[in-house]
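For reference, the chains in residue letters:
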There are 2 protein chains.
Amino acid sequence: MIGTTGRDPEALAVSVDLVIFTVRGDELNALLVERGNEPYRGACALPGGYVRAGETLDQAALRELREETSLDGGRVHLEQLRAYSEPDRDPRGRVITVAYLGLGPDLPRPVAPRAAWTPVADVLEGRTVLAFDHAGILRDALERARTQLEHTTIAARFCPEPFTVGELRRIYEVVWGFKLDPSNFRRKMTRAEAFLEPTGEQRFPEVGRPAALYRRGSARYLVPPLLRSAAARDACP
Amino acid sequence: MIGTTGRDPEALAVSVDLVIFTVRGDELNALLVERGNEPYRGACALPGGYVRAGETLDQAALRELREETSLDGGRVHLEQLRAYSEPDRDPRGRVITVAYLGLGPDLPRPVAPRAAWTPVADVLEGRTVLAFDHAGILRDALERARTQLEHTTIAARFCPEPFTVGELRRIYEVVWGFKLDPSNFRRKMTRAEAFLEPTGEQRFPEVGRPAALYRRGSARYLVPPLLRSAAARDACP
DNA sequence: CTAGCTAAGGGTCATCTTGACCCAAAGTCG
DNA sequence: CGACTTTGGGTCAAGATGACCCTTAGCTAG
């Protein structure tokens, strides 16, 4: 959380803010904390805090992640998004923040009090109001996540291992916001080099045919990429 | 340039550093300044400086651009690359820097003394040594520029208008570091929606057949993208 | 004037990828 | 058993790509 004390208006502070996405059920969720102090008391905000002396931005982001979710960085993919620097973005003083995008499999309930998973749609459609410029940061993070699904293999980071092709497809559908053809999706994913590693096991779901189980392969990039059509890109919010 | 005075080791400063690329002849060049002060006196560095009070990062980057090249932002495409935050990246104290990637057509000689266009290859191959972590920043910027050429229409920002398809192709070849098939390249570019806008004029070069002239179209993205093959990606440095 | 050079610009063709389908297989539930 | 759901395999046409070929239109050397 952003500190509680007033700040020298001349001073320049640097913070990190985290957009942690996870897929729960059929919804994309982000980790938000309810603010206990002014400004924006009672509103929601992205988890984050000031960068400490001797700490890199990556280390600060990992520390905040641990404080809010009690997760080591091993299970969550964290990457720098960009810096936000509007002089009046924080009414307490000059704070430049570096946003991080985090992705993880259906994560446990956050440990921090007042922290909770919130559907991203609630923010996009105005049902949940975010403090500061955090709504804009969240939108940028969502767009980055959607683009990353096209070119990289991070979608598998959303899935607890082992997982089925259907589970992986649901990640794409939830993050992108539209349905994919199951058959074409399977062809694409199973033929991609080192994306999926078959375990040989099967999973027997409550309904439907048993599905083969996979583990994440070694590939970091999906070549050729799986591009959203221009039409689909425009259709979703 | 980075300031000349010593700094309080407890304080945290934020700077911007600019990687400005331009194509001159058959080489990709970056704008570098020779350092007149310690540390790294005599070495080259990226242009940059501290962010001032009340200034966004974008504004700081534009101001530095003007100071070094006397160019308004209109002719140069500037975008944020990422932040660099290793605590010991600057021996004078804690400085977090946000790097910007800039692209422009064959730009005039820089106005600032000790500033000069330098072939990027000289840096990559160690003939030119950069101060701080600037060599790493330059490599990251080059990789970003290469990726941007695949998905966006920024390559045209390297070309003074009006330009020919051959000139545009040379941009790709110089930035990517390998040759492209002229015929296939033309097909791809002229069929891309709103990338090239024919002027109807022709240019008569010293040698070879006259070429049709184009202006930048309104499209910002190149769909479908023009992807480097995995082989080509690995081949170039 | 002609041959030779260079680069533009148009075309062919085999291959690959994609999107829209269809359909059988293998489980559960009524 | 039959309805239902999801997996997983297949076809087929349309489009994109890479490797070519060849003509065109300017220049220059002889």
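Keep in mind the model is a prediction, meaning the values are calculated, not measured.

Draft legend 1. A look at the protein's contact with DNA strand C. Around DNA strand C sit 22 residues, and of these R187, K188 and E206 of chain A together with S183 and A212 of chain B come closest. The sugar-phosphate portion of DNA strand C accounts for 51% of its atoms within 4 Å of the protein, the bases making up the rest. Take R209 of chain A: an N or O atom from its side chain is 3.2 Å from a base nitrogen of DNA strand C. One of the backbone N or O atoms of P210 of chain B is found 3.3 Å from a sugar or linking oxygen in DNA strand C. In terms of residues, the surface near DNA strand C owes the most to one element, helix α5 (residues 182-191) of chain A, which gives four residues. The residue inventory of the surface near DNA strand C, partitioned by class, reads seven nonpolar, six polar and nine charged.

Draft legend 2. Representation of the interface of chain B and chain A in the model. On the side of chain A, 23 residues touch chain B, which itself brings 23 residues to the contact. The contact between chain B and chain A buries some 1,800 Å² in all, and 61% of this surface belongs to carbon and sulfur atoms. Applying the counting criterion to the chain B and chain A interface returns zero salt bridges. Across the contact surface, chain B and chain A share nine residue pairs in polar contact (both at pLDDT 80 or more). Mapped by element, the contributors of at least two residues to the side of chain B that touches chain A are β1 (12-24), β5 (77-84) and β6 (94-103) of chain B. A per-class count over the side of chain B that touches chain A returns twelve nonpolar, five polar and six charged.

Draft legend 3. Molecular detail of the relation of the copies chain B and chain A. At an RMSD of 0.0 Å, chain B and chain A line up after a rotation of 180 degrees and a shift of 0.0 Å along the axis. Between the two chains, the operation in question is that of a two-fold axis. Minimal C-alpha separation from the rotation axis in chain B is found for R82 of chain B, amounting to 3.0 Å. Both copies contact each other with a shared surface, as 100% of the interface residues of chain B are interface residues in chain A too.

Draft legend 4. Fine view of the protein's contact with DNA strand D. Within the structure, DNA strand D sits among 22 residues, and S183, R209 and A212 of chain A together with R187 and K188 of chain B are positioned closest to it. Sugar and phosphate atoms constitute 54% of the interface atoms of DNA strand D, taking the interface as everything within 4 Å of the protein. Within the backbone of A212 of chain A, a nitrogen or oxygen atom sits 2.7 Å from a phosphate oxygen of DNA strand D. Contacts to DNA strand D include R209 of chain B, whose side-chain N or O atom sits 2.9 Å from a base oxygen. Mapped by element, the contributors of at least two residues to the surface near DNA strand D are α4 (165-176), α5 and β9 (211-216) of chain A together with α5 (182-191) of chain B. If you tally residues by element for the surface near DNA strand D, the top one is α5 of chain B, at four residues. Partitioning the surface near DNA strand D into residue classes produces seven nonpolar, six polar and nine charged.

Draft legend 5. Local environment of the packing of helix α3 (residues 134-151) of chain A against α4 of chain A. Residue and element names in this part refer to chain A. As a packed pair, α3 and α4 sit with axes 10 Å apart at the nearest point and diverge in direction by 145 degrees. Judged by the sense of rotation from one axis to the other, the crossing of α3 with α4 is left-handed. Contacts between α3 and α4 involve L142, R146, L149 and E150 on the former and, on the latter, I171, Y172, V175 and W176.

Draft legend 6. Quick look at the side chain of R35 of chain A. Residues and elements named next belong to chain A. Take R35: it is sitting in the loop between β2 (27-34) and β3 (44-45). Of the side chains bearing the opposite charge, D90 lies closest to the buried R35, which forms no salt bridge; the N-O distance is 6.9 Å. A polar contact of 2.7 Å, which involves the side chain of R35, links it to the backbone oxygen of P39.

Draft legend 7. Focus on the pattern of salt bridges. Counted by the stated rule, this structure contains 33 salt bridges over all chains. For the salt bridge of D90 of chain A with R92 of chain A, the shortest nitrogen-to-oxygen distance reads 2.7 Å. Judged by its relative accessible area of 15%, R92 of chain A falls in the buried class. Between R89 of chain B and D133 of chain B there is a salt bridge whose closest N-O contact spans 2.8 Å. Linking R89 of chain B in the loop between β5 and β6 with D133 of chain B in the loop between α2 (120-124) and α3 (134-151), this pair joins segments that are 44 residues apart in sequence. Take R89 of chain B: its relative accessible area is 7%, and that puts it in the buried class. Among the residues examined, D133 of chain B registers a relative accessible area of 22% and is labelled partly exposed. One salt-bridge network, held together by shared partners, links R52, E55, R63, E64 and E67 of chain B.

Parameters at a glance
- Residues numbered from 1 in each chain as written.
- Chains lettered and ligands numbered in written order.
- Predicted model: local features only at pLDDT ≥ 70, side-chain atom pairs only at ≥ 80, totals over all residues.
- Heavy atoms only, no water.
- Near = heavy atom within 4 Å.
- Polar contact = N/O pair within 3.5 Å; in protein donor to acceptor, adjacent residues only side chain to side chain.
- Helix = DSSP H or I, 4+ residues; strand = E, 2+ residues; numbered from the N terminus.
- Nonpolar A, V, L, I, M, F, W, Y, C, P; charged D, E, K, R; others polar.
- Contact = heavy atoms within 4.5 Å.
- Buried area = accessible area lost by both parts, 1.4 Å probe.
- Salt bridge = Lys/Arg side-chain N within 4 Å of Asp/Glu carboxyl O.
- Least-squares fit on C-alpha atoms with pLDDT ≥ 70 in both.
- Axes fitted to C-alpha atoms, helices over the stretch in contact; angles between N-to-C directions.
- Left-handed = near helix turned anticlockwise from the far one by under 90°.
- Buried < 20%, exposed > 50% of the residue type's maximum accessible area, 1.4 Å probe, protein only.
- Lys, Arg positive; Asp, Glu negative; His and termini not counted.

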